Amino acid sequence: MTQKREYDGRDRALGMDRPITRRDFLNGVAVGATAATWFAPGSGHLFAASLSAARGEAAPLSGAAQDAHGYYPPLLNGLRGSHPGAFEDAHALRDGHAWSDATDTGEEYDLIVVGGGISGLSAAHFYRTHTPRSRVLILDNHDDFGGHAKRNEFHLDGRVHLMNGGTLEIDSPRPYGPVAAGLLETLGLDVPAIARTTQHPKFYTDLGLRSGAFFDRETFGADKLVVGYEADQRGGNHAPHLDALLRQAPLSDRARMDVVRLETATIDYMPDASSDEKKRRLSRMSYETFLRDVVKADPAVLKFYRARTMGEWGVGTDAVSALDCWAFDFPGFQGMQLSRGSIPQMGYTPSGYADTGGSFKLHFPDGNATIARLLVRNLIPSAVPGQGVADVVTARVDYSQLDRPGRGMQLRLNSIVIRARHIDGAPPATAVEVTYLRGGRPYTARARGVVMACYNVMIPYLCPELPQAQKDALHKLVKTPLVYTSVALRNCEAFHRLKLYRVYAPGSYHCYVRLNPHVEIGSYRSSSSPQEPILVHMVRTPCSPGLPEHDQNRAGRAELLTTSFETFERNIRDQLDRTLKEGGFDPAHDITAITVNRWPHGYAPEYNPLFDPDVPESERPHVVGRAQFGRIAIANSDAGGAAYTDSAINQGHRAVMELLNTDATRAAG
Ligand SMILES: Cc1cc2nc3c(=O)[nH]c(=O)nc-3n(C[C@H](O)[C@H](O)[C@H](O)COP(=O)(O)OP(=O)(O)OC[C@H]3O[C@@H](n4cnc5c(N)ncnc54)[C@H](O)[C@@H]3O)c2cc1C
């Protein structure tokens, strides 16, 4: 039952009391129509795409039939990402719950893929490419495919607006290798060519809008937006300009001068050491330690930089090495004469960028959800109408086509796998039985091989027969929690009045806020005038400073799973209000919809020289953990030790090749 809530004066000013139905309506009539058709018989819930559902007043989508008329999860608002109903059974399994009386579907496949993210979809593609007549089933626990590469779709004033619900863009620390680049080519993606014609990175700056920093009163003593401060200027902040800007900030003279010194002075803080020795030392201290003990910066300076690492690493400067930050051009190293290139004691991401400058880059309006859609079109053409890259962005996926019995390729959503076991003797045996839950009930299906393209940390619970050393390694693969929030605004006039398009907010609930990147592809158009509705992207990375990285990740995950949508909403409204109020922003009036993409299991873990043992690659947990186990092979970006789409693709390919080689070996024997 929906309960009427009482809101105080501040909540009312923020718009917490605004009628929910109004927001549903604003987010498109289609949402209301969709909600009406997603009624799950017997569940007692209406799967409304509404803030009321998100506030915990109704459960969304779990168990809903993906072939129901109007089923279209990208339109859902509220708590998305790991949405309610997607993960509770996994946690029950971890806590020892067992299910009995599984229904045998009688289905037999050549391959079952666990996880419909980019890795699982790629695995299915590679398998079907090698064995075109094979039968493949993908099972995923979410109500939509793509894994992290999810799409948020809003209909505002009659036009479609898109945002990535997770995986932001094609951008990796090293160039895509032949497997991943080859797959993009197969999907029709000529990345440099598309980038040239669709991306407008200077759209906002050409309009005179700039970056800014928001100092919040809880952290810095007063609320203040400083427009013109570039958080990633990479040496471009000049001393007099920076000093003048920061005079507006609630920083002491000492703190301000320390920031100016840090960002603009060319000081060698370790003049007696060689470049190699400096790098070795910097790899063993956090950036926070570097600022405090080496640069000897004021404590307020540490607070100001604390969140600078969060977008890339999901933890603060206390848990990222100074050398890894050097590779990202953080301030403080410009006078230290460090030689180019990585050393072994660097994380995957910084060392890749230091050595190669990174891969090509391309942002689709819905992020890498476009890659997931292209993969699904490649696997099940009838599900994604159209041809080519340009029209996939605006295509309306027909979810009822995904899981048609008797087709070579099936993709089953809302289906969480709880068991995978060899059924006729010790591995490699001849087949694997997979048990999954749908609508709370267990079902079984069989396959000659299984690719686990799911979160690797869960695999020991699905395959308890794995060798103990492998399970121990898999348990270490703790992912980084993070939240990407999409907020629909009636217009962006406040941003224009403030001459602002993005904000670094080190003490706020979300540490980054920015207007939707301007991309135009096919018939998709981005907002181009201040009066038009627009989406805002916000990033939050829950963590517990001071703990080792993985303990911070665990604490952040626990926080995420116990934070209600109402708490998110209040914090979002409060933050936008305080940041933009001098531009005339009115949260009660201007915010029309909110989608909180919550990823308790986000980025794949990467080597962190501050906390992880310095062992050869072959002994790292992601390598030990991904060993083939009979007819079960292990994929996902986790298995590559790299939180990137090319890693997800490469690992899907490796896992498939392992299974195909097993088949070939047995056939030859
Ligand atoms: C917020 C965010 C932003 C990112 N941005 C970028 C970026 O800009 N560029 C980039 O290259 N990478 C980015 N990444 C990294 C991203 O993880 C990879 O690029 C890629 O999308 C991972 O794909 P995957 O298939 O390996 O894993 P996932 O996308 O995690 O897919 C695994 C799927 O398996 C499902 N699953 C888990 N357990 C089960 C089970 N028992 N049964 C059934 N299904 C299960 C999961 O729910 C999920 O749907 C980002 C990640 C996050 C979280």
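Residues numbered from 1 in each chain as written. Predicted model: local features only at pLDDT ≥ 70, side-chain atom pairs only at ≥ 80, totals over all residues. Heavy atoms only, no water.

### Brief notes about the overall build of the protein
Right, so step 1: Within the protein, the regular secondary structure consists of 28 helices and 17 strands.
Right, so step 2: Taking 26 Å as the expected radius of gyration for a compact globule of 669 residues, we find that the protein reaches 25 Å, a close match to that expectation.
Right, so step 3: Burial analysis of the protein (669 residues in total) assigns 61% to the buried set.
Right, so step 4: Sequence-distant contacts in the protein: of pairs separated by 6 or more residues, those separated by 24 or more amount to 73%.
Right, so step 5: Accessible surface computed for the protein: about 25,000 Å², of which carbon and sulfur atoms make up 52%.
Right, so step 6: Side chains of the protein carry 73 positive and 76 negative charges; the gap between the two charge centres is 1 Å. (Helix = DSSP H or I, 4+ residues; strand = E, 2+ residues; numbered from the N terminus. Rg over C-alpha atoms; globule rule 2.2 N^0.38 Å. Buried < 20%, exposed > 50% of the residue type's maximum accessible area, 1.4 Å probe, protein only. Contact = heavy atoms within 4.5 Å. Areas by Shrake-Rupley, 256 points an atom, 1.4 Å probe, with all protein chains shown as cover. Lys, Arg positive; Asp, Glu negative; His and termini not counted. Charge placed at Lys NZ, Arg CZ, Asp CG, Glu CD.)

### A short note on the nonpolar core
Right, so step 1: Core analysis: the largest hydrophobic core is formed by 60 residues, its most contacted members being Phe145, Ile170, Leu189, Phe364, Leu402, Leu411 and Val451.
Right, so step 2: Counting residues in hydrophobic clusters, the runner-up holds 52 residues, among them Leu242, Ala297, Met310 and Cys325. (Core = buried A, V, L, I, M, F, W, Y, C linked by side-chain atoms within 4.5 Å.)

### Focus on the site of the ligand
Right, so step 1: Around the ligand, 35 residues are found, and the nearest of them are Asp140, Asn141, His148, Ser637 and Thr645.
Right, so step 2: One nitrogen or oxygen atom from the main chain of Ile118 is found 3.1 Å from an oxygen atom belonging to the ligand.
Right, so step 3: Within the side chain of Asp140, one N or O atom sits 2.7 Å away from an oxygen atom of the ligand.
Right, so step 4: Those elements that place two or more of their residues in the shell around the ligand are helix H6 (118-130), strand S9 (415-422), strand S12 (480-489), strand S16 (591-603) and helix H28 (645-668).
Right, so step 5: The residue inventory of the shell around the ligand, partitioned by class, reads 17 nonpolar, 15 polar and three charged. (Near = heavy atom within 4 Å. Polar contact = N/O pair within 3.5 Å; in protein donor to acceptor, adjacent residues only side chain to side chain. Nonpolar A, V, L, I, M, F, W, Y, C, P; charged D, E, K, R; others polar.)

### A short note on the pattern of salt bridges
Right, so step 1: Per the counting criterion, the structure on display carries 44 salt bridges.
Right, so step 2: Residues Arg578 and Glu218 are paired through a salt bridge, measuring 2.7 Å at the closest nitrogen-oxygen approach. Of this pair, Arg578 sits in helix H25 (residues 565-580) while Glu218 sits in helix H10 (residues 217-220), placing them 360 residues apart in sequence.
Right, so step 3: Taking the relative accessible area as the measure of exposure, Glu218 reaches 55% and is therefore exposed. (Salt bridge = Lys/Arg side-chain N within 4 Å of Asp/Glu carboxyl O.)

### Quick word on the packing of aromatic side chains
Right, so step 1: One pass over the full model with this rule turns up 23 aromatic pairs.
Right, so step 2: A cation sits over an aromatic face here: Arg308 above Tyr504, 5.0 Å from the ring centre.
Right, so step 3: Its guanidinium or amino end placed over the ring of Tyr72, Arg396 lies 4.0 Å from that ring's centre, counting from NZ or CZ. (Phe/Tyr/Trp six-rings, centres within 6.5 Å; stacked < 30°, edge-to-face > 60°. Lys NZ or Arg CZ within 6 Å of the ring centre and 35° of its normal.)

### Some thoughts on the confidence of the model for the protein
Atomic detail in the predicted coordinates should be set aside for any region of low pLDDT.
Right, so step 1: Looking at the protein, pLDDT values average 91 and 92% of them are 70 or higher.
Right, so step 2: Taken as a whole, residues 20-64 scores under 50 in pLDDT and shows 100 contacts with residues more than four places along the chain or in a different chain. (pLDDT = per-residue confidence, 0-100.)

### Observations regarding the side chain of Ser119
Right, so step 1: Along the polypeptide, Ser119 turns up in helix H6.
Right, so step 2: Of the polar contacts made by the side chain of Ser119, one reaches the backbone nitrogen of Asn636; its length is 2.9 Å.
Right, so step 3: Excluding residues that lie within four positions of it along the chain, Ser119 makes contacts with Ala453, Ala635, Asn636, Ser637, Ala648, Gln651 and Gly652.

### Quick notes on the sheet that holds strand S7 (residues 224-227)
Right, so step 1: What the eight strands build is an open sheet, ordered S1-S16-S12-S15-S14-S13-S6-S7; its pairing is mixed. Every other strand in the sheet has two partners, leaving strand S1 (78-81) and S7 as the edge strands with one partner each. Each strand axis lies, on average, 25 degrees off the axis of its neighbour in the sheet, ignoring direction.
Right, so step 2: Here strand S14 (residues 512-515) runs beside strand S15 (residues 534-540); their pairing, made up of four bridges, is antiparallel. Directly across from Tyr512, in S15, lies its bridge partner Val539. (Pairing = 2+ DSSP bridges. Axes fitted to C-alpha atoms, helices over the stretch in contact; angles between N-to-C directions.)

### What about the state of the cysteines?
In protein structure, a disulfide is the covalent linkage between the sulfur atoms of two cysteines.
Right, so step 1: Here the structure, examined in full by the defined rule, presents zero disulfides.
Right, so step 2: Cysteine Cys543 remains unbridged, with the sulfur of Cys511 as its closest cysteine sulfur at 8.5 Å.
Right, so step 3: In this structure Cys543 comes out as buried when scored by relative accessible area, which is 17%. (Disulfide = S-S within 2.5 Å.)

### Focus: the pairing of strand S11 (residues 441-452)
Right, so step 1: Burial runs high along S11: nine of the 12 residues are buried.
Right, so step 2: As defined by bridge partners, strand S2 (residues 103-114) adjoins S11 across eight bridges and the pair is classed as parallel. Its bridge partner lying in S11, Ile112 is registered against Val450.
Right, so step 3: Bridging between strand S10 (residues 432-438) and S11 involves seven bridges; their strand directions are antiparallel. Along S11, the bridge assignment pairs Val434 with Ala445.
Right, so step 4: Between S10 and S11, which pair antiparallel in sequence order, lie two residues; one of them, Gly439, sits at a positive phi of approximately 60 degrees.
Right, so step 5: Relative to strand S17 (residues 632-634), S11 runs parallel, the two being bridged by three bridges. Of the residues in S17, the one forming a bridge with Val450 is Ile632.

### A word on the environment of Gly332
Right, so step 1: By the secondary structure assignment, Gly332 is in the loop between helix H17 (322-326) and helix H18 (348-356).
Right, so step 2: For Gly332, a relative accessible area of 3% corresponds to the buried category.
Right, so step 3: When the C-alpha positions of Gly332 and Ser321 are compared, they lie 13 Å apart, and in sequence the two are 11 residues distant.
Right, so step 4: Leaving out residues up to four positions away in the same chain, Gly332 has contacts with Leu262, Ile267, Tyr269 and Phe290.

### Brief notes about unusual backbone geometry
Right, so step 1: Here Lys296, not a glycine, exhibits a phi torsion of approximately 60 degrees, which is positive.
Right, so step 2: Position of Lys296 among the secondary structure elements: in the loop between helix H14 (287-294) and helix H15 (299-305).
Right, so step 3: A positive phi angle, close to 55 degrees, is found at Asn414, a residue other than glycine.
Right, so step 4: Mapped onto the fold, Asn414 is located in the loop between strand S8 (409-412) and S9.

### Brief notes about the environment of Trp599
Right, so step 1: Note that Trp599 resides in strand S16.
Right, so step 2: Owing to a relative accessible area of 3%, Trp599 belongs among the buried residues under this scheme.
Right, so step 3: Residues Trp599 and Leu560, spaced 39 residues apart in sequence, show a C-alpha to C-alpha distance of 8.2 Å.
Right, so step 4: In this structure the side chain of Trp599 is engaged in a polar contact, spanning 2.9 Å, whose partner is the backbone oxygen of Gly165.

### Overview of the pairing of S16
Right, so step 1: A large share of S16 lies buried, amounting to 12 of its 13 residues.
Right, so step 2: Across four bridges, the pairing between S1 and S16 is parallel. Considered in S16, the bridge of Leu79 is made with Val596.
Right, so step 3: Relative to S16, S12 runs antiparallel, the two sharing nine bridges.

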